[in-house]
Amino acid sequence: MTTRRTSAAPRGGTFLRTATVLQTLALFFQASTAGLLLTSSRGYLLHDYGSKVMYAAAMLYVLAAVLAWRPGGGSPRPVLYSTGFLLLASAQVALGVAHVASLHVPLGVVMCALSTLALVRSLSPGHLPRPAAGSPAAVMRAGGRRGSGG
């Protein structure tokens, strides 16, 4: 009896990586426009628009994680990460609107670091989203059998 192995990632893995890249780029744009706030009159406008793009990217990250998990057969762990990140983004927006720079800036640094870490993890060659146990993708990885057999 032979076991068939595939190297394909579960569906949604590419979308999840793309959403992570977009989120990380949006956060780095926000960091650069935060510096412009100090030197330019246009800095506020760019930072304001960037905040909307960053929040949309965080919501897209949640959507991509859910799609990679449920229909794609991937792990539910990215859903937890992306949901936590959306909560951080919500706090970041609220702190920015309230002009609480003493918390807004450090939280932005933490968010940049976390998003970069998620990006590096998703792009590393040894990291592919693993299918959840019992999902169709997990069954295919195990050679098409559903139990330990006998």
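Residues numbered from 1 in each chain as written. Predicted model: local features only at pLDDT ≥ 70, side-chain atom pairs only at ≥ 80, totals over all residues. Heavy atoms only, no water.

1. Describing the confidence of the model for the chain
Then step 1. Averaged over every residue, the pLDDT of the chain is 83; the share at 70 or more is 75%.
Then step 2. When the elements of the chain are averaged for pLDDT, helix α5 (residues 136–141) gives the smallest value, 56, and helix α3 (residues 77–97) the largest, 95.
Then step 3. Contacts from residues 3–9, a stretch scored under 50 in pLDDT, to residues over four places away or in other chains number 7 contacts. (pLDDT = per-residue confidence, 0-100. Helix = DSSP H or I, 4+ residues; strand = E, 2+ residues; numbered from the N terminus. Contact = heavy atoms within 4.5 Å.)

2. Describing α3
Then step 1. Between the first and last C-alpha of α3 there are 31 Å, a value that for 21 residues agrees with the 30 Å anticipated at 1.5 Å per step.
Then step 2. The complete set of buried residues in α3 reads P78, V79, S82, F85, L86, A89, Q92 and L95.
Then step 3. Turning to α3, the residues buried within the fold contact α1 (13–39), α2 (43–69) and α4 (101–123).
Then step 4. Looking one or two residues beyond α3, the residue adopting positive phi is H99, at roughly 60 degrees. (Expected span 1.5 Å × (residues − 1). Buried < 20%, exposed > 50% of the residue type's maximum accessible area, 1.4 Å probe, protein only.)

3. As for the packing of aromatic side chains
Then step 1. Enumeration over the complete set of coordinates arrives at 0 aromatic pairs.
Then step 2. Over the aromatic face of W69 sits the side chain of R70, whose NZ or CZ is 4.9 Å from the ring centroid. (Phe/Tyr/Trp six-rings, centres within 6.5 Å; stacked < 30°, edge-to-face > 60°. Lys NZ or Arg CZ within 6 Å of the ring centre and 35° of its normal.)

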